[in-house]
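A look at the structure
Listed below, chain by chain, are the residues.
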Amino acid sequence: MNTDIAIASVNPAIERLLVVDRNRPGSVHRLARSETLAGGKGVNVARVLAILATEPPVTPVAHPTPHLFGFAGGPTGRLLRDLLDAEGLAADLVTTRDATRVCEVLVDLADPDGATVYNAKGADVDKTELDALDEAFDRAVRDARALVCTGSLPPGAPDDLYARWIEAAPDPVLTVLDAHGPALAAGVRARPDVVKVNAEELAAVSDVGGSTLDTARAWREWGVGCVIVTDGPRPTLALTPNGTYEVIAPDVPTRSAVGSGDAFCAGLVHSLTTAADRGWGRHLRVAAACGASNAASLTAGQSSDHPAGSLYEQVIVRRIDG
């Protein structure tokens, strides 16, 4: 049985985490903590899947192994490869002429809900690099149980990149889309099994009048298998093949919410690929527990003080249709 989770990381980053006791714009700060990490949404998803794989299996199905594919270039690209190796995250990365971007996350310990993120646009890519990336996709999806297309696209990449990969993924590979803007709009038309989106991203691409629920319903009618809409600390809305659910995450001491959506995505994919027959209530609980654990950690991943397993029973999932 295929055990890999193929995860697109086409616009990865070197992430600089800067932590201050209190952010005072215009002032000199002495950092309470700083770290340099491999970043980007795909890397965040892979990191959480790797953490979940260290837990005792709860089903006869083996834990899935994350396998990143994407771009890396320049000195920062070499650093990215080293950081991924240090975490034990497998990656098939195409070398680009332009350097991998550097992004900053500023966490104010006095206001952890208000982390500030500075995202660079990413390396410009050309046709030769994109062709090599398609080859990396072919290698990654060949032995995959799931394909996760997540994160922004770098300059030069076509808006329909994720859509093409979703359409090309062989059955029975689970396809998951977590994007924004034109990449999201194009990807939805490819009818992935799961679209995970936040409310702001959904509103930005909606061409359906009415509420968030109306747009999500329209996507389901177009053939998307499941639409999950997160909304920060507010309840998550999930339109699944087995009904519509509201998901309320457990209350945890927030240290940084950056990456919580990626952790939610990782938990969802893990549950869908290891316990497909356990039902959407279970899948959504695992996802929300992973998202909450991430919020309790300063870095994207999972909190050792509040691991997802300890939060699972605190997640509220209730059916709201009918």
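Cut-offs used in this document
- One numbering rule holds for all chains: residues counted from 1, following each sequence as written.
- Only residues with pLDDT of at least 70 are given local features in this predicted model, and only at 80 or more are side-chain atom pairs given and counted; all residues enter the totals for whole chains, interfaces and linings.
- Hydrogens are left out, water is left out, and the side-chain values use all remaining heavy atoms of the structure.
- Secondary structure elements follow DSSP: runs of H or I no shorter than four residues count as helices, runs of E no shorter than two count as strands, and numbering proceeds from the N terminus.
- Note that the radius of gyration is over C-alpha atoms, with the globule rule given as 2.2 Å times the number of residues to the power 0.38.
- Each residue is assigned to one of three classes by its accessible area relative to the maximum for its type, calculated with a 1.4 Å probe on protein chains only: buried under 20%, partly exposed between the two thresholds, exposed over 50%.
- Any two residues whose heavy atoms approach within 4.5 Å are treated as being in contact.
- With residues, only the protein chains shown are counted as cover, and all accessible areas are computed by Shrake-Rupley using a 1.4 Å probe.
- For this count, His and the chain ends are skipped, Lys and Arg are scored as positive, and Asp and Glu as negative.
- Where a charge sits is defined by one atom per residue type, namely NZ (Lys), CZ (Arg), CG (Asp) or CD (Glu).
- Just to be clear on terms, a salt bridge is a Lys or Arg side-chain nitrogen sitting within 4 Å of an Asp or Glu carboxyl oxygen.
- Note on aromatic pairs: the rings of Phe, Tyr and Trp (six-membered ring only in Trp) are paired at centre separations within 6.5 Å, and the planes decide the class, stacked below 30 degrees, edge-to-face beyond 60, tilted for the rest.
- For two strands to pair, DSSP has to find at least two bridges joining them.
- Note on definitions: angles span 0 to 180 degrees between N-to-C directions of axes, and those axes are lines fitted to C-alpha atoms, for helices only across the stretch in contact.
- The hand of a helix crossing depends on one turn: near helix anticlockwise from the far one by less than a right angle means left-handed, and clockwise means right-handed.
- When residue character is reported, Ala, Val, Leu, Ile, Met, Phe, Trp, Tyr, Cys and Pro are called nonpolar, Asp, Glu, Lys and Arg charged, and the others, Gly included, polar.
- Oblique is the label for any angle not under 35 degrees, not over 145, and not in the 65 to 115 range, which are roughly parallel, roughly antiparallel and roughly perpendicular in turn.
- Throughout, disulfides are identified as pairs of cysteine sulfur atoms within 2.5 Å of each other.

1. Examining the overall build of the protein
Counting secondary structure elements, the protein contains 10 helices and 14 strands. The C-alpha atoms of the protein give a radius of gyration of 19 Å, which matches the 20 Å a tight globule of 322 residues would have. By its C-alpha atoms, the protein is 55 × 45 × 45 Å across when sized along the principal axes. Of all 322 residues assigned to the protein, the portion counted as buried reaches 53%. The contacts of the protein with a sequence gap of at least 6 include a subset with a gap of at least 24, amounting to 67%. About 14,000 Å² of surface is accessible on the protein, with carbon and sulfur atoms providing 49% of the total. Of the charged side chains in the protein, 29 are positive and 41 negative, and the gap between their average positions amounts to 2 Å.

2. Regarding the pattern of salt bridges
Once their charged atoms are close, side chains differing in charge can pair, the charge on each being opposite to the other. Following the criterion strictly, the structure yields 15 salt bridges and no others. For Asp 231, the salt bridge identified is with Arg 234, shortest N-O distance 3.2 Å. For Asp 231, a relative accessible area of 26% gives the class partly exposed. On the basis of relative accessibility, which here comes to 49%, the residue Arg 234 falls in the partly exposed class. Each of the salt bridges in this network shares a partner with another, and the network as a whole consists of Lys 41, Asp 178, Lys 196 and Asp 262.

3. Describing the packing of aromatic side chains
All chains considered together, the criterion is met by four aromatic pairs. Ring pairs connect the aromatic residues Phe 69, Phe 137, Tyr 162 and Trp 165, which therefore count as one cluster.

4. Here we look at the sheet that holds strand E7 (residues 116–118)
Reading across the sheet, the four strands line up as E3-E2-E6-E7 and stay open at both edges, with mixed pairing between neighbours. A strand with exactly one partner marks an edge of an open sheet, and here the two such strands are strand E3 (33–39) and E7. Strand-to-strand, the axes of this sheet are offset by a mean angle of 15 degrees, without reference to chain direction. In the sheet, strand E6 (residues 101–108) pairs with E7 via three bridges, with the strands oriented antiparallel.

5. Looking at the packing of helix H8 (residues 260–274) against helix H9 (residues 280–295)
Between two packed helices, what matters for the description is the angle formed by their axes and the separation of those axes. At their nearest, the axes of H8 and H9 sit 7 Å apart, and the two run at 145 degrees to each other. Relative to H9, the crossing made by H8 is right-handed. Mapping the contact onto sequence places Ser 260, Ala 263, Phe 264, Gly 267, Leu 268, Ser 271, Leu 272 and Thr 274 in H8 and Trp 280, Arg 282, His 283, Leu 284, Val 286, Ala 287, Ala 288, Cys 290, Gly 291, Asn 294 and Ala 295 in H9. When the residues that make up the contact of H8 with H9 are grouped by side-chain class, the tally is 11 nonpolar, seven polar and one charged.

6. Re unusual backbone geometry
Residue Pro 172 is reached from Asp 171 by a cis peptide bond, and omega for that bond is 5 degrees. Summarising the element assignment, Pro 172 is placed in the loop between helix H4 (161–168) and strand E9 (174–178). We note that Arg 191 has phi near 60 degrees; this positive angle belongs to a residue other than glycine. With respect to the helices and strands, the residue Arg 191 is situated in the loop between helix H5 (181–189) and strand E10 (194–198).

7. Focus on the packing of helix H1 (residues 41–52) against H8
Between H1 and H8, the least distance of the axes is 8 Å, while the angle of their chain directions is 50 degrees. By the angle between their directions, the pair H1 and H8 is classed as oblique. In this structure, H1 meets H8 at a crossing whose hand is right-handed. Where H1 approaches H8, its residues Lys 41, Asn 44, Val 45, Val 48, Leu 49 and Leu 52 are matched on the opposing element by Asp 262, Ala 263, Cys 265, Ala 266, Gly 267 and His 270.

8. Here's the deal with the side chain of Glu 201
Structurally, the position occupied by Glu 201 is in helix H6 (residues 199–205). For the buried Glu 201, no salt bridge is present, and the opposite-charge side chain at shortest range is Lys 41, 5.7 Å distant. Apart from residues lying up to four places away in sequence, Glu 201 is in contact with Asp 178, Ala 179, His 180 and Leu 184.

9. Re the state of the cysteines
Taken as a whole, this structure holds zero disulfides when the rule is applied. The closest cysteine sulfur to the non-disulfide-bonded Cys 103 is located on Cys 265, 19 Å from its own sulfur. Relative accessible area serves as the criterion here: at 5%, Cys 103 is assigned to the buried category. Looking at Cys 226, it has no disulfide partner, and the nearest cysteine sulfur is the one in Cys 265, 11 Å off.

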